[in-house]
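Below, each chain spelled out in residue letters.
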Amino acid sequence: MKNGFLSCCFFLLLGACSVPLAVPDKNLAPDGESSARLLQIRIERWGEVRFSGLLALRQRGEGLYYILLDATGVKLLEVAVDGAGEYRLIHAKGGLQDSALGGFLAEVLIRTYGQEPATLPCAGTWLYQLCREENTGNGWRKYGQVGPLQLWQVVADPGHAANAAVIYRQPWLGVRIFLAPTKEDTKKG
């Protein structure tokens, strides 16, 4: 009897954690443009820069495909991500093969460019909600929250939507990731 009750509670919590999402058709680029982007990326942890380099990003169906490059252009990671955030490591250089960076970046990128709430401004349950707020000047803010606690947040600077720099924050981990278009990407858009 007790095990049945615990099982019901477990499945209730699992169901409460799922968020109704709408996967955008063209979140990386405006209509008629390629979804391929070359971005500058800087990863900070507790205010200390942990990585700085380039990120090649392409929308692939409902998911994403990305290549992480160091500042000299050497390919460090190559990853395919589906719309649900599940990732497949295609290539990893050296110690990155066993690190969690590929999966963490997959989660960050799908939250930033792939997931949208099914209804605006928020969708979800009382346990977890995904929200997106539009600001004047084409800026936006997207976040995931449990009750009143915000787990993560993405903020896009005002400006042309395709060329907006975004900042991803996960405060309880001390992580901040800056994604900004390169000069080549800005010329394209």
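Residues numbered from 1 in each chain as written. Predicted model: local features only at pLDDT ≥ 70, side-chain atom pairs only at ≥ 80, totals over all residues. Heavy atoms only, no water.

Looking at the packing of aromatic side chains
Two measures describe an aromatic ring pair: the distance that separates the ring centres and the angle between the ring planes. Note the cut-off: Here a Phe, Tyr or Trp ring, Trp counted by its six-membered ring, pairs with any other such ring whose centre lies within 6.5 Å, and the pair is stacked when the planes are under 30 degrees apart, edge-to-face when over 60, and tilted otherwise. Elements are defined by DSSP. Helices are runs of H or I of four residues or more, strands are runs of E of two residues or more, and each kind is numbered from the N terminus. The buried label applies to any residue whose accessible area, calculated with a 1.4 Å probe on protein chains only, is under 20% of its type's maximum; exposed applies above 50%, and partly exposed to all values in between. Working rule: Lys NZ or Arg CZ, within 6 Å of ring centre, within 35 degrees of ring normal, means a charge sits over the ring.
The final tally for this structure, using the stated rule, is one aromatic pair. Taken together, a centroid distance of 6.1 Å and an interplanar angle of 15 degrees make the contact between Trp152 and Tyr168 stacked. Here Tyr168 lies in strand S12 (residues 166-170) and Trp152 lies in strand S11 (residues 149-156), a separation of 16 residues in the sequence. By the burial criterion, Trp152 is buried, and Tyr168 matches it. Just above the ring of Phe178 sits the side chain of Arg42; from NZ or CZ to the centre is 4.0 Å. Above the face of the Trp140 ring, Arg132 is positioned so that its terminal group lies 4.4 Å from the ring centre.

Overview of the confidence of the model for the protein
Defined as follows: The quantity known as pLDDT measures the predictor's confidence residue by residue, on a range of 0 to 100. Contacts were defined at the residue level, with two residues in contact if any of their heavy atoms lie within 4.5 Å.
Per-residue confidence for the protein gives a mean pLDDT of 81, with 75% of residues at or over 70. Note on residues 4-20: pLDDT is under 50 here. Beyond four places in sequence and across chains, it has 16 contacts. Every residue in residues 29-33 is under pLDDT 50, and counting partners more than four places away or in other chains gives six contacts.

Overview of the nonpolar core
Quick reminder of the rule: Side-chain atoms within 4.5 Å are what join buried Ala, Val, Leu, Ile, Met, Phe, Trp, Tyr and Cys residues into a set we call a nonpolar core.
The biggest cluster of nonpolar side chains holds 32 residues, and the ones touching the most others in it are Ile41, Leu55, Tyr66, Leu109, Tyr113, Ile177 and Leu179. Those elements giving two or more residues to this core turn out to be strand S2 (37-45), strand S3 (48-60), strand S4 (63-70), strand S5 (75-81), helix H2 (101-113), S11, S12 and strand S13 (175-181). Every residue in contact with Leu109, bar those within four places of it in the chain, is listed here: Leu55, Leu57, Leu64, Tyr66, Gly114 and Leu179.

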